[in-house]
Amino acid sequence: MTKTRTKKEPAHEPAHDAADEATYDAALVERIERALAERLDKTGYRHSLGTATMAQSLGTIYGVDAADCFVAGLLHDWDRCRTHKQLIKSAKKHGIKVTKVMRARPRLLHAHTGAAEVALAFPELEPQIIQAVKNHTVGSVPMSDLDKVVYIADMIEPGREFRKIQDFRERIGVDSLDDIFLRCYRQSLRHLIENDKVIHPNTFKVWNWLQLAMRDAAARDA
Ligand SMILES: [Fe+2]
Ligand SMILES: [Fe+2]
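All figures in this text were calculated on a predicted structure; none of them were measured in a lab. (Residues numbered from 1 in each chain as written. Chains lettered and ligands numbered in written order. Predicted model: local features only at pLDDT ≥ 70, side-chain atom pairs only at ≥ 80, totals over all residues.)

Attention now moves to the overall build of the protein. If you tally the helices and strands in the protein, you get 11 helices and two strands. Listing each helix as α and each strand as β along the protein from the N terminus yields β-β-α-α-α-α-α-α-α-α-α-α-α. By the compact-globule yardstick of 17 Å for 222 residues, the protein fits well, its C-alpha radius of gyration being 17 Å. When each of the 222 residues of the protein is scored for burial, the buried share is 33%. (Helix = DSSP H or I, 4+ residues; strand = E, 2+ residues; numbered from the N terminus. Rg over C-alpha atoms; globule rule 2.2 N^0.38 Å. Buried ≥ 20, exposed ≤ 12 C-beta atoms within 10 Å, placed from the backbone.)

Dropping the structure here:
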């Protein structure tokens, strides 16, 4: 077990008891940060730290294990700086199917290959961390709250810039985690369509899953 429980002052009103907040061993986090600094370029490293910090805040606000959020945020772009050729090679090595869609957008593979590599590099990490790394681009059905936190943090961490990003950030702690995730996922989908990108088929599965879940929730509340 690589986690310890520590009492920590929350940055925002937490949805759970702050006394239960867990942190990973400082030595493990340090090892991860050192490995990332070597593996990523400066921009990627800064982005990973920003995603980790944002994910940790989201975890504290929405009652998702903040230590898992931090570590998954740190690691989510483990394979971000691999070339297309390296990604395809790594996918084959790990038995990840390289479909025609993946060949059209090899960068999509970095989430899957990154998850496989992180699992090898840090076998002490719990499976939900590996899953969040794997699900940070296209996602999957279903997605855990940790997966959603990392997805959101990746999109709106302090180093990111896109039109109206401030509107997204302002909804944190106001809207539910699901609403914020849906908003981010919609933004990604819109971007893909507006830029004539090939879209991974799982994107539509996730989109429909979100829409159906929203309808089910509305029917329950009616
Ligand atoms: Fe990524
Ligand atoms: Fe990222």
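Alright, that's what it looks like, and here's the rest.
Ranked by size, the top nonpolar core spans 44 residues in total, and within it Ala-55, Val-71, Ala-72 and Val-149 carry the most contacts. For this core, the elements supplying multiple residues, two or more each, are helix H2 (42–62), helix H3 (66–75), helix H4 (84–93), helix H6 (109–121), helix H7 (127–134), helix H8 (145–156) and helix H10 (177–194). Filtering out sequence-adjacent residues up to four positions away, Val-71 remains in contact with Tyr-24, Val-29, Ile-32, Leu-125 and Ile-129. (Core = buried A, V, L, I, M, F, W, Y, C linked by C-beta atoms within 7 Å. Contact = placed C-beta atoms within 7 Å.)

Most peptide bonds are trans, and most residues other than glycine sit at a negative phi. Cis rather than trans, the peptide bond between Val-141 and Pro-142 has omega equal to -5°. The topology assignment puts Pro-142 in the loop between H7 and H8. The residue Lys-164 is not glycine, and still its phi comes out positive at about 70°. Take Lys-164: it is sitting in the loop between H8 and helix H9 (165–170). Exposure remark for Lys-164: the 8 C-beta atoms within 10 Å place this residue in the exposed category. The phi torsion at Asp-196 lies on the positive side, around 50°, for a residue other than glycine. The topology assignment puts Asp-196 in the loop between H10 and helix H11 (201–221).

Another point: the packing of H7 against H8. H8 packs onto H7 with a crossing angle of 45° between their chain directions and a minimal axis gap of 9 Å. Here H7 is positioned oblique relative to H8, judged by the angle of their axes. The chirality of how H7 crosses H8 is right-handed. Judged by residue contacts, Gln-128, Gln-131 and Ala-132 of H7 engage Leu-146, Asp-147 and Val-150 from H8. (Axes fitted to C-alpha atoms, helices over the stretch in contact; angles between N-to-C directions. Parallel < 35°, antiparallel > 145°, perpendicular 65-115°, else oblique. Left-handed = near helix turned anticlockwise from the far one by under 90°.)

It is at 11 Å that the axes of H10 and H11 come closest, and there the two elements cross at 145°. Two packed elements cross with a definite hand, and for H10 against H11 that hand is left-handed. Side by side, H10 and H11 meet where Leu-182, Tyr-185 and Leu-189 of the first sit next to Thr-203, Val-206, Trp-207 and Leu-210 of the second.

Here the focus is H8. With 12 residues, H8 should reach 16 Å at 1.5 Å per residue; the first-to-last C-alpha distance of 16 Å fits that figure. Taking burial as the measure, the 12 residues of H8 include 12 buried ones, the bulk of the element. Considering only its buried residues, H8 is in contact with H2, H3, H7, H9 and H10. (Expected span 1.5 Å × (residues − 1).)

With that out of the way, let us pick up the environment of Ala-35. As for its position among the elements, Ala-35 is in helix H1 (residues 26–39). With 16 C-beta atoms packed within 10 Å, Ala-35 lands in the partly exposed category. For the pair Ala-35 and His-84, spaced 49 residues apart in sequence, the C-alpha to C-alpha distance is 21 Å.

Let's shift gears to the environment of Thr-60. Within the secondary structure layout, Thr-60 lies in helix H2. C-beta crowding within 10 Å serves as the criterion here: with 24 such atoms nearby, Thr-60 is assigned to the buried category. For Thr-60 and Gly-173, which are 113 residues apart along the polypeptide, the C-alpha to C-alpha distance reads 10.0 Å.

Note that Arg-46 resides in helix H2. Separated by 113 residues in sequence, Arg-46 and Gly-159 place their C-alpha atoms 7.7 Å apart.

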